[in-house]
Amino acid sequence: MSSSLSFLATIASPFHHDHSRYPRKATPASTHFSPLASGNASAYDNGGDKESILRLDRRNVLISTLGGLYGAATLGHENTAVASPVQPPDISKCHTAHAGQGAENVQCCPPYTDPSKIVDFKFPPPSMPLRTRKPAHLLDADDLAKYKEAYSRMKALDPSDPWSFEQQAKVHCQYCNGAYDQVGFNVPVQVHFSWIFLPWHRFYLHFHERILGKLIGDETFALPFWNWDSPDGMTMPSIFVNDKTSSLYNKRRDPDNLPPTVLDYQYSLKSSGNPYTDEELKMKNLYEMNKTFKESLPLPELFLGDPVKAGEEPSAGKTMGRLESIHNAMHQFVGTPEAPFRDMGNFYSAGYDPLFYSHHSNVDRMWHIYRQMRGNKVDLNDKDWLNASFLFYDDNRQLVRVKVEDSLNPQKLRYTYEDVELPWADRNIKKKVVKPPSGAKPRSRIALVQVSEFGPDPRPLDSTIRALVQRPKKSRTKSEKDDEVEVLFIDGIEIPHNGPVAFEVYVAAPYGGDFVGPDLGESAGSFLKLPHFHIRSSEDAQTKKFSLKLGISNLLEDIDAEGSEKVVVSLVPKVGEVAIGGIHIDLIKTDWTA
Ligand code: C2O
């Protein structure tokens, strides 16, 4: 075993970091970088020599059967406990919001305040045309002209009109920056950091898209998606940046990150000095997306986030989903680099950038693809998720109450996504990433460092923390892995200020005893948080801690560590002040055995 491990530690891959925060420039990956996308085969095509991860072997849910699966999902109702889903806010009690970071006392209440005007949401008639969302970087001239016209008209409306761009943007602030308290609780409404994130944003976009369509009299109007999961889409789409007179333009963006700067899924403020070539970055992103799906397909809480029920705040030991954490990178990448990080870099202002809605169109698409890969099985069979509800002002100038359960099927909301290649779904991505450049020789000596357990006390993450973490079980069999996902927990993440925070997580196999080589190992994911006003007092800082959960079953195979009793987990700080309470690994039953 040690021979294969030492081989691993010598691979000169740009994806193996060393101790320094920004690893030295590694051997260019271009020597082992293969073309990512070829031809125009359907993304959902599992044929040919391109093996896809879009297949859950065990239950025979094949991506090739995805076409007709809508409606196959049935909602179980076995939860008999008293439900306490998050309730819609009382719109008559909106108050000042807070963003921290020099943006205190934000006024973002809506113009409507009469709760008696609310009606329950009804699906659009099935005869409505299906809106097809397309990649923003491939938009044709006609679609672009409509898109610009729609935003021009939205921006020209009186700012007190609920359809106006101003009011549309404020919706995000209302639900994210404490403009409402949860009914009956002294706890703010918050739609990030939990299982609420994806469904809430799906509805937000749905109504936004329909209003834009109404404004140009086009029932087929669809929000283009920023296709950042494809190498060609990994820069800010030019339609948002090239023309300063366009309604899609926003001047509050980071000038350093305009095209051709390539997005980094682990981007956090000030990560200039990125050592990767563009091609390496793109490959790194694809690998990250590959892992995000692979590790969380059997366990939706890893993808969507932890439960938050009525009266709870998502920061109390909760984990945001892995997709949400990645999506924060795009926010930071686009937003201005200094406090208050307008517009995209801060929740209260993010909705003021038209790129926000296109970004979220792709976030939503990722969820849509995730659901398809799981055969459209209900992600989280919990009434407190399915019945969580919110309010939106719709395209009929009506305030409607929506439920998470009604968000699950885009087709019923009458929109879909154009089928485009999913380069990250290639099963061989990992091999491409770790394949040593030709001619690489194993290093003759490796400097080993001793690693100890994390210990009982919280530790500030001001320099890289490396800790030895016991696994519940080593050498797990295929069927054990099918039944339980191995999950790495970073516990008690304490964020004393309200600013942005980012750190990365790496996993490596130790050498024999408690030693590890200089490489941090393989990236297991990262924690990225935008500025967010959740700490209001010093007691708050003690109680409101986040956690992070990352599936590592596949990763351990990738780094040949399945046989190790312990693994070395490295936490690398990137932005902000943060302390860590602990690290542990647990096995969690998949939802796939029903
Ligand atoms: Cu509500 Cu991308 O955030």
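Residues numbered from 1 in each chain as written. Predicted model: local features only at pLDDT ≥ 70, side-chain atom pairs only at ≥ 80, totals over all residues. Heavy atoms only, no water.

1. Concerning the side chain of Asp229
Then, in step 1: Mapping Asp229 onto the fold places it in the loop between helix H4 (197-215) and helix H5 (238-241).
Then, in step 2: Among the polar contacts listed, one links the side chain of Asp229 to the side chain of Asn227, at a separation of 2.8 Å. (Helix = DSSP H or I, 4+ residues; strand = E, 2+ residues; numbered from the N terminus. Polar contact = N/O pair within 3.5 Å; in protein donor to acceptor, adjacent residues only side chain to side chain.)

2. Re the nonpolar core
Then, in step 1: Among the nonpolar cores identified, the biggest contains 140 residues, and Ile490 and Phe503 are the most heavily contacted of them.
Then, in step 2: Element by element, the count of residues in this core is highest for H4, at 10 residues.
Then, in step 3: Excluding residues within four positions of it along the chain, Ile490 makes contact with Phe503, Val505, Ser547, Leu548, Val569, Leu571, Ile580, Gly582 and Ile583.
Then, in step 4: Counting 8 residues, the second largest nonpolar core, distinct from the first, contains Ala97, Ala99, Cys173 and Tyr348. (Core = buried A, V, L, I, M, F, W, Y, C linked by side-chain atoms within 4.5 Å. Buried < 20%, exposed > 50% of the residue type's maximum accessible area, 1.4 Å probe, protein only. Contact = heavy atoms within 4.5 Å.)

3. A closer look at the pairing of strand S11 (residues 484-494)
Then, in step 1: For S11, a buried count of 8 out of 11 residues is recorded, marking the element as mostly surrounded by other parts of the structure.
Then, in step 2: Here S11 runs beside strand S18 (residues 582-589); their pairing, made up of 8 bridges, is antiparallel. Looking at the pairing, Leu488 lines up with Ile585 of S18.
Then, in step 3: Bridge count between S11 and strand S15 (residues 545-551): 6 bridges; the pairing is antiparallel. Each bridged residue has a counterpart across the sheet, and for Ile493 the counterpart in S15 is Phe546. (Pairing = 2+ DSSP bridges.)

4. So, the confidence of the model for the protein
Then, in step 1: Of all residues in the protein, 82% have pLDDT values of 70 or greater, and the mean over the chain is 83.
Then, in step 2: Across residues 1-50 the pLDDT falls below 50, and counting only partners more than four positions away or on other chains, this stretch makes 108 contacts in the model.
Then, in step 3: In this model residues 55-81 is a low-confidence stretch, pLDDT under 50, and it forms 48 contacts with partners more than four residues away in sequence or in other chains. (pLDDT = per-residue confidence, 0-100.)

5. Description of the state of the cysteines
Then, in step 1: Taken as a whole and judged by the stated rule, the model has 2 disulfides.
Then, in step 2: Here Cys94 is linked by a disulfide to Cys109, with a sulfur-sulfur distance of 2.1 Å. Residues Cys94 and Cys109 share a disulfide whose torsion about the S-S bond is about -95°; that sign makes it left-handed. Taken as a pair, Cys94 in the loop between strand S2 (61-62) and strand S3 (118-120) and Cys109 in the loop between S2 and S3 lie far apart in primary sequence, 15 residues in all.
Then, in step 3: One disulfide bridge connects Cys108 with Cys173, the sulfur atoms lying 2.2 Å from each other. Across the S-S bond linking Cys108 and Cys173, the dihedral sits near -70°, which makes this disulfide left-handed. Of this pair, Cys108 sits in the loop between S2 and S3 while Cys173 sits in helix H3 (residues 165-176), and the two are 65 residues apart along the sequence. In this structure, Cys108 and Cys173 share a single accessibility class: buried. (Disulfide = S-S within 2.5 Å.)

6. So, the pairing of strand S12 (residues 501-508)
Looking along a regular strand, one sees side chains alternate from face to face of the sheet.
Then, in step 1: Across the 8 residues of S12, 8 count as buried, placing the element largely inside the fold.
Then, in step 2: Here S12 shows two buried faces, one formed by Val501, Phe503, Val505 and Val507 and the other by Ala502, Glu504, Tyr506 and Ala508.
Then, in step 3: Bridge analysis of S12 against strand S14 (residues 522-529) gives 7 bridges, and the strand direction is antiparallel. By the bridge assignment for S14, Glu504 is matched with Ser526.
Then, in step 4: As paired strands, S12 and strand S16 (residues 566-575) are joined by 7 bridges and run antiparallel to one another. Paired with Glu504 across the strands is Val572, a residue of S16.

7. Observations regarding the packing of aromatic side chains
Then, in step 1: Enumeration according to the criterion identifies 34 aromatic pairs in this entry.
Then, in step 2: An angle of 70° between the planes, with centres 5.7 Å apart, marks the rings of Tyr204 and Tyr357 as edge-to-face. Remark: Tyr357 occurs in helix H10 (residues 354-373) and Tyr204 occurs in helix H4; sequence separation between them is 153 residues.
Then, in step 3: Classification of Tyr204 by relative accessible area gives buried; the value is 1%. (Phe/Tyr/Trp six-rings, centres within 6.5 Å; stacked < 30°, edge-to-face > 60°.)

8. Description of the side chain of Glu209
Then, in step 1: Among the secondary structure elements, Glu209 is positioned in helix H4.
Then, in step 2: Leave out the neighbours within four places in its chain, and Glu209 touches Arg131, Arg133, Phe221, Ala222, Leu223 and Tyr415.

9. Here's the deal with the sheet that holds S16
In any sheet, the strands associate via hydrogen bonds between backbone groups, in a parallel or an antiparallel arrangement.
Then, in step 1: The 4 strands lie next to each other as S10-S16-S12-S14, forming an open sheet whose pairing is antiparallel. Looking at which strands have only one partner, the edges of the open sheet turn out to be strand S10 (465-470) and S14. When the angles between neighbouring strand axes are averaged without regard to direction, this sheet yields 25°.
Then, in step 2: In the sheet, S10 pairs with S16 via 6 bridges, with the strands oriented antiparallel. Pairing of Val469 across the sheet is with Val567, part of S16. (Axes fitted to C-alpha atoms, helices over the stretch in contact; angles between N-to-C directions.)

10. Re the packing of H3 against H4
Then, in step 1: As a packed pair, H3 and H4 sit with axes 11 Å apart at the nearest point and diverge in direction by 165°. Taken together, the axes of H3 and H4 are roughly antiparallel relative to one another. The two elements H3 and H4 meet at a crossing, and its hand is right-handed. Here Gln168, Ala169, Val171, His172 and Tyr175 of H3 lie close against H4, whose contacting residues are Trp200, His201, Tyr204, His208 and Ile211.
Then, in step 2: Of the residues in the contact of H3 with H4, the class split is 6 nonpolar, 4 polar and no charged. (Parallel < 35°, antiparallel > 145°, perpendicular 65-115°, else oblique. Left-handed = near helix turned anticlockwise from the far one by under 90°. Nonpolar A, V, L, I, M, F, W, Y, C, P; charged D, E, K, R; others polar.)

11. Comments concerning the pattern of salt bridges
Then, in step 1: Going through the model one piece at a time under the given rule, you end up with 41 salt bridges.
Then, in step 2: Here Lys146 ties to Asp218 by a salt bridge, and the two come within 3.2 Å at their closest N and O atoms. Taken as a pair, Lys146 in helix H2 (residues 141-156) and Asp218 in the loop between H4 and H5 lie far apart in primary sequence, 72 residues in all.
Then, in step 3: The class of Asp218 is buried, set by a relative accessible area of 13%.
Then, in step 4: For the salt bridge of Asp306 with Lys549, the shortest nitrogen-to-oxygen distance reads 2.6 Å. Of the two residues, Asp306 sits in the loop between helix H7 (300-304) and helix H8 (322-334) while Lys549 sits in strand S15, which places them 243 residues apart along the sequence.
Then, in step 5: Residue Lys549 is classed as buried on the basis of its relative accessible area of 9%. (Salt bridge = Lys/Arg side-chain N within 4 Å of Asp/Glu carboxyl O.)

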